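One letter stands for each residue in the lines below.
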Amino acid sequence: MRCDTLWRNARLTTMVGDGLGVVDSGVVAQQGGRIVYAGPETGVELEPASVVDCEGRWITPGLIDCHTHLIYGGDRAAEFEQRLAGTSYEEIARAGGGIVSTMRATRASSEEALVDTALPRLDALIAEGVTTVEVKSGYGLSTADELKSLRAARALGVQRDVRVTTTFLGAHALPLEWAGDPDGYIALVCDEMIPAVAEAGLADAVDAFCEGIGFSAAQVARVFAAARRHGLPIKLHAEQLSNLHGAKIAAQHGALSADHLEWLDDAGIAAMAASGTVATLLPGAFYFTRETKLPPVDALRSAGVPIAVATDCNPGTSPLTSILLAMNMAATFFRLTVDECLRGVTVNAARALGLSDTIGTLEAGKACDLAIWDIERLAELVYRIGFNPLHQRIRNGR
């Protein structure tokens, strides 16, 4: 078999099957940016144009951050100080802070400025082996500013060698000009924003925030219906601060993922299991907002719901730009195993983005996205704090 590049003398974690798919003496071969073989070195005849000796290093699929809000203006360090003094996230939001504060800064920023301020955040993720990142809008909250944010998100994938998927999150918060009329704003999201986003081809999915300080389950269902009319898959921020049964509704609408889930109940778990909806856990937000209600990990496991892990990088509740630290937090706070953490930022994260056919595992036909690590045990990727053992990052075979 001819190939462009062969990585040999490696230990692979292919993520194929239910576990990590470990191959102790493995090789990865790519041609034209696609994997043509990943598996044991013995028993296969390969004719590579170039060979890379990995000297026993581990190779995982390129890591995937499947939930971020990288595009925004300003910061919310002052609100961090308020929370340290005892003010709750909900109190800050209801006083005009929170998402609405970032909305003002985002509206005041040019598209170019939004890209420039997001690039350092993106670079931090890339430096830890991330080859795919999801980026949400949701801080513009007007048609023009949401489109601006999505264009800026797309531009990140031009400025850097990284796969960017974009998610429209117009139903993130109620902007001040719609105060007292959330149904009117949802009508704008459904009747104007989503059609404009779809026509411009700027979003790969549609998301919403189902919460007391966000939108009701009924309002979210309207957003889902509009997304479906325009051929866009859906996701949902659900059960972070309370249980509005958003995850159940999302699953009933065939959502790719429901995210946060600290207050998820048995009915929501059953619905997610039936639909194949991924549970995306966001330990950075749990940590930063000092939450105490744990997501029901044992129940998700028992029901067979796939679990993903992401940074939720955002200015207010998770200013986190380390996917490695996100895994450590998921293990420490939520008691995920090493295997669950690693699958959570590869194969299950790909599923949460609807990209299982393209990325997330090391197998023939997938994009040749690799992270090569200077480690002795895979547990080091979850165990260490503030240490980056990435040796090399490969995206599309390069």
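Here the structure is a predicted model, which means the values were calculated and not measured. (Residues numbered from 1 in each chain as written. Predicted model: local features only at pLDDT ≥ 70, side-chain atom pairs only at ≥ 80, totals over all residues. Heavy atoms only, no water.)

(A) Representation of helix α7 (residues 217–229). Helix length check: α7 (13 residues) gives 18 Å between terminal C-alpha atoms against 18 Å at 1.5 Å per residue, within 8%. Residues of α7 that are buried include every one of Ala217, Gln219, Val220, Val223, Phe224, Ala226 and Ala227, and no others. The inward-facing, buried residues of α7 abut β8 (163–171), α6 (182–200), β9 (205–210), β10 (235–238) and α8 (246–252). Gly231, located one to two residues past α7, shows a positive phi value of around 70 degrees. (Helix = DSSP H or I, 4+ residues; strand = E, 2+ residues; numbered from the N terminus. Expected span 1.5 Å × (residues − 1). Buried < 20%, exposed > 50% of the residue type's maximum accessible area, 1.4 Å probe, protein only. Contact = heavy atoms within 4.5 Å.)

(B) Spatial organisation of the sheet that holds strand β7 (residues 130–136). Across the sheet, which stays open at both edges, the eight strands sit in the order β6-β7-β8-β9-β10-β11-β12-β13 with parallel pairing between neighbours. Pairing within the sheet leaves two strands with one partner each, and these edge strands are β6 (63–65) and β13 (307–309). When strand polarity is set aside, the average angle formed by the axes of neighbouring strands in this sheet is 25 degrees. Both β10 and strand β11 (residues 257–260) contribute to a ladder of four bridges, which runs parallel. Bridge assignment links His237 to a residue of β11, and that residue is Asp259. Where α6 meets the sheet, it contacts β8 and β9, and its direction lies at approximately 150 degrees from that of β8. (Pairing = 2+ DSSP bridges. Axes fitted to C-alpha atoms, helices over the stretch in contact; angles between N-to-C directions.)

(C) Representation of the packing of aromatic side chains. Within the structure shown, the criterion is met by seven aromatic pairs. Measuring from ring centre to ring centre gives 5.5 Å for Phe286 and Phe333, while their planes differ by 55 degrees; the resulting arrangement is tilted. Remark: Phe333 occurs in helix α12 (residues 323–334) and Phe286 occurs in helix α10 (residues 283–288); sequence separation between them is 47 residues. A residue is classified by how much of its surface remains accessible, and Phe286, at 5% relative accessible area, is buried. The partly exposed category is assigned to Phe333, whose relative accessible area is 28%. On the basis of an interplanar angle of 25 degrees and a centroid distance of 6.1 Å, the ring pair of Tyr287 and Phe333 is categorised as stacked. (Phe/Tyr/Trp six-rings, centres within 6.5 Å; stacked < 30°, edge-to-face > 60°.)

(D) Geometry of the UniProt feature "domain: Amidohydrolase-related" (unreviewed entry) in the protein. When the UniProt feature table is mapped onto this chain, "domain: Amidohydrolase-related" (unreviewed entry) is found at residues 58–378. Helix makes up 45% of residues 58–378 and strand 15%. Its end C-alpha atoms lie 8 Å apart. (UniProt positions renumbered as here; feature names shortened; annotations may be inferred.)

(E) Molecular detail of the nonpolar core. In terms of nonpolar packing, the biggest core is built from 102 residues, with Val133, Leu156, Phe168, Met272, Leu336 and Trp373 touching the most fellow members. For Leu156, the contacting residues outside a window of four places in its chain are Leu70, Ile71, Val115, Ala118, Leu119, Leu122, Val135, Val162 and Val164. Judged by nonpolar contacts, the second largest core, of 14 residues, contains Ala10, Val23, Leu370 and Ile394. (Core = buried A, V, L, I, M, F, W, Y, C linked by side-chain atoms within 4.5 Å.)

(F) Spotlight on the UniProt feature "binding site: Zn(2+)" (unreviewed entry) in the protein. In this structure's numbering, the residues bearing the UniProt feature "binding site: Zn(2+)" (unreviewed entry) are His67, His69, His237 and Asp312. Considering the C-alpha atoms alone, the annotated residues occupy 246 residues of sequence yet fold into one spot, their largest mutual distance being 12.3 Å. For His69, the location among the structural elements is in the loop between β6 and α1 (77–84). If we skip the residues at most four places from it in the chain, His69 touches Lys136, Ser137, Tyr139, Leu169, His172, His237, Asp312, Cys313 and Asn314. There is a polar contact of 3.2 Å between the side chain of His69 and the side chain of His67. Within the secondary structure, His237 sits in strand β10. Relative accessible area serves as the criterion here: at 3%, His237 is assigned to the buried category. In contact with His237, other than residues within four places in its own chain, are His67, His69, Lys136, Leu169, Asp207, Ala208, Phe209, Cys210, Asp259 and His260. (Polar contact = N/O pair within 3.5 Å; in protein donor to acceptor, adjacent residues only side chain to side chain.)

(G) How the structure looks around the pairing of strand β14 (residues 370–373). Going residue by residue along β14, you find Leu370 and Ile372 tucked away on one face and Ala371 and Trp373 tucked away on the opposite face as well. Sheet topology places strand β5 (residues 58–61) next to β14; four bridges connect them, and they run antiparallel. Of the residues in β14, the one forming a bridge with Pro61 is Leu370. In this structure, β14 lies alongside strand β15 (residues 390–394), joined through four bridges in antiparallel fashion. Opposite Ile372, over in β15, you have Gln392 as the bridge partner.

(H) α6, seen in detail. Its 19 residues give α6 an end-to-end C-alpha distance of 25 Å, which sits within 8% of 27 Å, the value for a rise of 1.5 Å per residue. At Met193, α6 shows its maximal bend, which comes to roughly 35 degrees, and the proline Pro195 appears one to four places after that position. Turning to α6, its buried residues are Gly184, Tyr185, Ile186, Leu188, Val189, Cys190, Met193, Ile194 and Val197. (Bend = angle between axes of the 7 residues up to and from the residue.)

(I) Local environment of the environment of Leu147. Inspection of the secondary structure puts Leu147 in helix α5 (residues 143–159). Taking C-alpha positions, Leu147 is 44 Å from Arg377, a pair spaced 230 residues apart along the chain. Once you skip the residues sitting within four places of it in the chain, Leu147 turns out to touch Ala196, Val197 and Leu202.

(J) Fine view of unusual backbone geometry. Even without being glycine, Glu55 reaches a positive phi, approximately 55 degrees. Position of Glu55 relative to the elements: it lies in the loop between β4 (47–53) and β5. Non-glycine residue His245 carries a positive phi angle of around 65 degrees. Note on placement: His245 falls in the loop between β10 and α8.

(K) Structural view of the pattern of salt bridges. By the definition in use, this model includes 22 salt bridges. A salt bridge links Arg301 to Glu340, with the nearest nitrogen and oxygen atoms 2.6 Å apart. Of this pair, Arg301 sits in helix α11 (residues 297–303) while Glu340 sits in helix α13 (residues 338–344), placing them 39 residues apart in sequence. Here the residues in one salt-bridge network are Arg107, Asp145, Lys148 and Glu177, joined through shared partners. (Salt bridge = Lys/Arg side-chain N within 4 Å of Asp/Glu carboxyl O.)

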